[in-house]
Amino acid sequence: MAKPKKTSRRKQKARRQFLRTVVLGVGVVGVSLLGYLPVIGRWRERIRPPGALKEHEFLSSCIKCGQCVQVCPVNAIKLADMDEGFGIGAPYIDTRKQACDFSCDGLQCVLACPTGALTHHINYSHETEMAIARVVNEKQCLAAMGEGFNGPARGAAFNGKLRYEDVDRWKPIRISEYPYELELCDLCVRQCPIEIRIAQCEADKPPSGDENQCPPQHAIKLETIASDDGIVRKRPVILDGCVGCGVCEMICPPEPAVIVMDSTESRGMTA
Amino acid sequence: MNHLIKSVAVLLGADPKKPQPDDYTAEAKTMHAEQRADKSRIEAIHLELAHKAQYKTPEKWRRRRWTVLILVNLLFVVSFQLDIQILEGALTASRFVGFHMADLNSALQVMLAYKEVVINLVIGTTTVLIMWWLLGGRTFCSWVCPYHLLAEWTEMAHDYLAKKKIVKDHPFDRRVRTVFWIVFVLLAFFTGYTVFETISPTGILSRALIYGPGIALVWVATLLLFEIFYSKRAWCRYACPIGLTYGLVGAASPLKVTYNLSTCFHEAECKKVCEVPHVLDVVVKGRATDVDLFIGADCTHCGRCVDACPTHSLNLEFKGLGQLLK
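Residues numbered from 1 in each chain as written. Chains lettered and ligands numbered in written order. Predicted model: local features only at pLDDT ≥ 70, side-chain atom pairs only at ≥ 80, totals over all residues.

**Q** Explain the overall build of chain B residue by residue, including any values.
**A** If you tally the helices and strands in chain B, you get 15 helices and seven strands. For a compact globule of 326 residues, the expected C-alpha radius of gyration is about 20 Å, and chain B comes in at 21 Å, within 12% of that figure. Dimensions of chain B, computed from C-alpha atoms along their principal axes, come out at roughly 60 × 45 × 35 Å. Sorting the 326 residues of chain B into buried and exposed places 43% on the buried side. Residue pairs in contact within chain B that sit at least 24 positions apart in sequence constitute 73% of those at least 6 positions apart. (Helix = DSSP H or I, 4+ residues; strand = E, 2+ residues; numbered from the N terminus. Rg over C-alpha atoms; globule rule 2.2 N^0.38 Å. Buried ≥ 20, exposed ≤ 12 C-beta atoms within 10 Å, placed from the backbone. Contact = placed C-beta atoms within 7 Å.)

**Q** For the overall build of chain A, give the residues involved together with the corresponding values.
**A** Scanning chain A for helices and strands turns up eight helices and ten strands. Its C-alpha atoms give chain A a radius of gyration of 25 Å, more than 25% over the compact-globule value 18 Å for 271 residues. Seen through its principal axes, chain A has C-alpha atoms that stretch 105 × 40 × 35 Å. A total of 271 residues make up chain A; the buried ones form 44% of that total.

**Q** An account of the domain arrangement of chain B is needed here, citing residue identities and associated values.
**A** Residue and element names in this part refer to chain B. One can read the domain layout of chain B as domain 1 (2–56 + 254–323) and domain 2 (68–248). Here the C-alpha centre of domain 2 lies 28 Å away from the C-alpha centre of domain 1. For the side of domain 1 that touches domain 2, the secondary-structure elements that each account for two or more residues are α1 (2–12) and β4 (255–260). Looking at the side of domain 1 that touches domain 2 residue by residue, the classes come out as eight nonpolar, three polar and three charged. (Domains from an automatic or database assignment. Nonpolar A, V, L, I, M, F, W, Y, C, P; charged D, E, K, R; others polar.)

**Q** Explain the sheet that holds strand β3 (residues 99–102) of chain B to me, using residue names and the numbers behind them.
**A** Residue and element names in this part refer to chain B. The sheet built from three strands is open, its strands ordered β1-β2-β3 with antiparallel pairing. Edge positions in the sheet fall to β1 (87–90) and β3, since each has one partner strand and no second. The average undirected angle you get between the axes of adjacent strands in this sheet is 15°. (Pairing = 2+ DSSP bridges. Axes fitted to C-alpha atoms, helices over the stretch in contact; angles between N-to-C directions.)

**Q** Could you give an account of the interface of chain B and chain A, with specific residues and numbers?
**A** At the interface, 46 residues of chain B touch 37 residues of chain A. Broken down by element, the side of chain B that touches chain A gets its largest block of residues, five residues, from helix α5 (residues 104–114) of chain B. Tallied by class, residues from the side of chain B that touches chain A come to 27 nonpolar, 13 polar and six charged.

**Q** With reference to specific residues and values, describe the confidence of the model for chain B.
**A** As a general rule, the predicted coordinates of low-pLDDT regions are not to be interpreted in detail. Scored by pLDDT, chain B comes out at a mean of 91, with 99% of its residues at no less than 70. For this predicted complex, the interface score ipTM comes out at 0.90, while the overall pTM is 0.92. (pLDDT = per-residue confidence, 0-100.)

**Q** If you had to explain helix α3 (residues 39–54) of chain B to someone new, which residues and values would you point to?
**A** Taking 1.5 Å of rise per residue, the 16 residues of α3 of chain B would be expected to cover 22 Å, and the 24 Å separating its terminal C-alpha atoms lies within 8% of that figure. Within α3 of chain B, only zero of the 16 residues are buried, which leaves the element largely exposed. (Expected span 1.5 Å × (residues − 1).)

**Q** Before we move on, could you go through the sheet that holds strand β5 (residues 292–294) of chain B and cite the residues and values that matter?
**A** Strand-to-strand pairing in sheets goes through backbone hydrogen bonds, with the strands running parallel or antiparallel. Residue and element names in this part refer to chain B. Taken together, four strands build an open sheet; the order of strands is β5-β4-β6-β7 and the sheet is antiparallel. Each edge of the open sheet is held by one strand with a lone partner, namely β5 and β7 (322–323). Looking at chain direction, β4 and strand β6 (residues 314–318) are connected through five bridges and run antiparallel. Bridge pairing links Val257 to Leu316 in β6.

**Q** Explain unusual backbone geometry to me, and be specific about the residues and the numbers.
**A** All names here are of chain A. Between Glu255 and Pro256 the backbone carries a cis peptide bond, its omega angle lying at -5°. By the element assignment, Pro256 lies in the loop between α8 (247–251) and β10 (259–262). Despite not being glycine, Asp204 has its phi angle at roughly 60°, a positive value. On the secondary structure map, Asp204 appears in the loop between α7 (193–202) and β8 (220–225). The exposure class of Asp204 is exposed, given the 7 C-beta atoms found within 10 Å.

**Q** Describe the nonpolar core, naming the residues involved and giving the relevant values.
**A** Looking at soluble globular proteins, one finds that nonpolar side chains tend to be buried together. By size, the foremost hydrophobic cluster in this structure holds 124 residues, and its most contacted members are Cys109, Cys188, Cys192, Cys248 and Ile251 of chain A. With eight residues, the single largest contributor to this core is α5 of chain B. In this structure Cys188 of chain A touches Ile220, Pro236, Cys248, Ile251, Cys252 and Ile259 of chain A, once residues within four positions along its chain are discounted. Of all hydrophobic cores here, the second largest spans 27 residues; its members include Leu11, Phe265, Cys270 and Val276 of chain B. (Core = buried A, V, L, I, M, F, W, Y, C linked by C-beta atoms within 7 Å.)

**Q** I'd like to hear about the pairing of β1 of chain B, residue by residue, with values.
**A** Residue and element names in this part refer to chain B. Of the strand pairs in this sheet, β1 and strand β2 (residues 93–96) are connected by four bridges, and their pairing is antiparallel. Opposite Ala90, over in β2, you have Ala93 as the bridge partner. Where β1 folds back on β2, the antiparallel hairpin that results is connected by two residues.

**Q** Any chance you could break down the environment of Leu53 of chain A for me, citing the residues and the numbers?
**A** Take Leu53 of chain A: it is sitting in the loop between α2 (36–40) and α3 (55–61). The spacing of Leu53 of chain A and Ile251 of chain A is 198 residues in sequence and 27 Å in space, taken between C-alpha atoms.

**Q** Explain helix α8 (residues 146–163) of chain B residue by residue, including any values.
**A** All names here are of chain B. An ideal rise of 1.5 Å per residue puts 26 Å on 18 residues; α8 measures up with 26 Å between its terminal C-alpha atoms. All of the buried residues in α8 are Pro146, Tyr147, His148, Ala151, Thr154 and His158. Mapping the buried residues of α8 onto a view down its axis gives an arc of 160°, with all of them on the same face. In α8, the exposed positions that point more than 90 degrees away from the buried face belong to Trp153, Met156, Tyr160 and Lys163. Tucked inside the fold, the buried residues of α8 contact α4 (60–81), α7 (139–143), α10 (201–211), α11 (216–229) and α12 (234–239). Of the residues one or two after α8, Lys165 is the one with positive phi, at around 60°. (Arc of directions from axis to C-beta.)

**Q** Now, about the environment of Pro206 of chain A: what can you tell me, with residues and values included?
**A** Mapped onto the fold, Pro206 of chain A is located in the loop between α7 and β8. Filtering out sequence-adjacent residues up to four positions away, Pro206 of chain A remains in contact with Gln200, Cys201, Glu211, Gln213 and Cys214 of chain A.

**Q** How would you sum up the environment of Cys270 of chain B? Please name residues and give values.
**A** Residues and elements named next belong to chain B. Along the chain, the position of Cys270 falls in helix α14 (residues 269–273). Separated by 234 residues in the primary sequence, Cys270 and Arg36 place their C-alpha atoms 21 Å from one another. Those residues in contact with Cys270 that lie beyond four places of it in its chain are Leu280, Val283, Cys305, Ala308, Cys309 and Leu314.

Okay, structure coming up:
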């Protein structure tokens, strides 16, 4: 009687191990597949760095290494956490906190990308399609209220940086260290990287002396609002040349910002 | 060739097979017979074990390995934090002084998901493939992977608790790692997402070290707790597809742990410290088919067995160069 009992115990052990293994298998694959939820549910619509492919292709091709993060002179690029599922480790830009101001001129993040998730087919800022700016809060727009602006655009605690040509061509400084004195607020137009480039090109001084850097279309303008009280009022209007870099959103003084970035499925590059 | 096939079979999860009588070389046969007859050997074994229990030998290879592992990961961190740009990126993909490198499993996931490969990725993958073929495939695991180091520390906790009979090791069927590898290959291909990357503790830890911690570390902590309280070294042994990828790459590597039957006392000290003890099946009395043998592809070349062996029957060797630093 002793012998069959022994075999059955061994069998039982093997069966337990088999069941355990099945549970482990289902568990690990199950946890990994939970990563699908934030992606199909679109829990977070992220703005991706310049040259990013359309969202699905972008997440497929991104190897989650962060080399784009390392080369950005204004530290605009952050990596997503596990709450973004399959998007874990993929780069994004939180434009209100720190927009891409193209102060590297050469799209360093694109050059750094080892997999082409940021497509190597583009070379210039105006060729990118990160998002599209939308005016969502016009009532609070200082220009629409006919107000000027004095002092730094964002509070002292704000860490966001911009490159100011008149301060240092290569070293971006904190926005909170750069006071303005404006009769009518035009920060969104004044700091728009596309508009700055157009102005430089019109003055025959294209960035890096390269005419290819000249954007073909305007991105934003201020449009006069008709009024009968004699006060000049203007509103921002987004134009076809907007690439969604988010500088207008970052620089906008009111809280919440008058302009926000909208990254819809239609944005992003085609490989 | 036969040896290579067997080594890959064990890597994929097969149990090591007892050799057939025909498999032994004449020399090995005589040696086994002699060892059985030699009473003085048995005495020597007892003496030696007593000596070893009294004077613990230092774990040289472990010290060297931990130093390398910490330095490599630190180089990633300081390259970014201090902007010295020597090793940019993370373990999934990087640039070493400008040269592209890509983790083989991450690159595989991207290639399958995206179905298009840019030249930089080809360069990076080929470089790393050649590098780890030369350096022994799973050498990546024990000499570079940050999860491996944490798992070694939690393994100490597991062993301590197991000794006090508070926890028990629950082994899994090793074939499940091959199943995981295939499942994650298929998932990448059919969903078009790098699904495994979501839960890869290697990628998560590497990014956390370089770019700062996040909630993904909760998952890593869960795995470590699972290994302490339920199943020893479970992730590296039974789950990680990265380990299998590198194991395949290093199957025919010139870097190997070698085994010499003539000096072996079959005390199995090596198996006690080994992360993947199935590769050490040859040290069991009567199993070695030849006097000199290689340890199989699942070996991570961590060197713990080399340090543990009282008779120096196990060594790290590079074909053509002989034994590496003793």
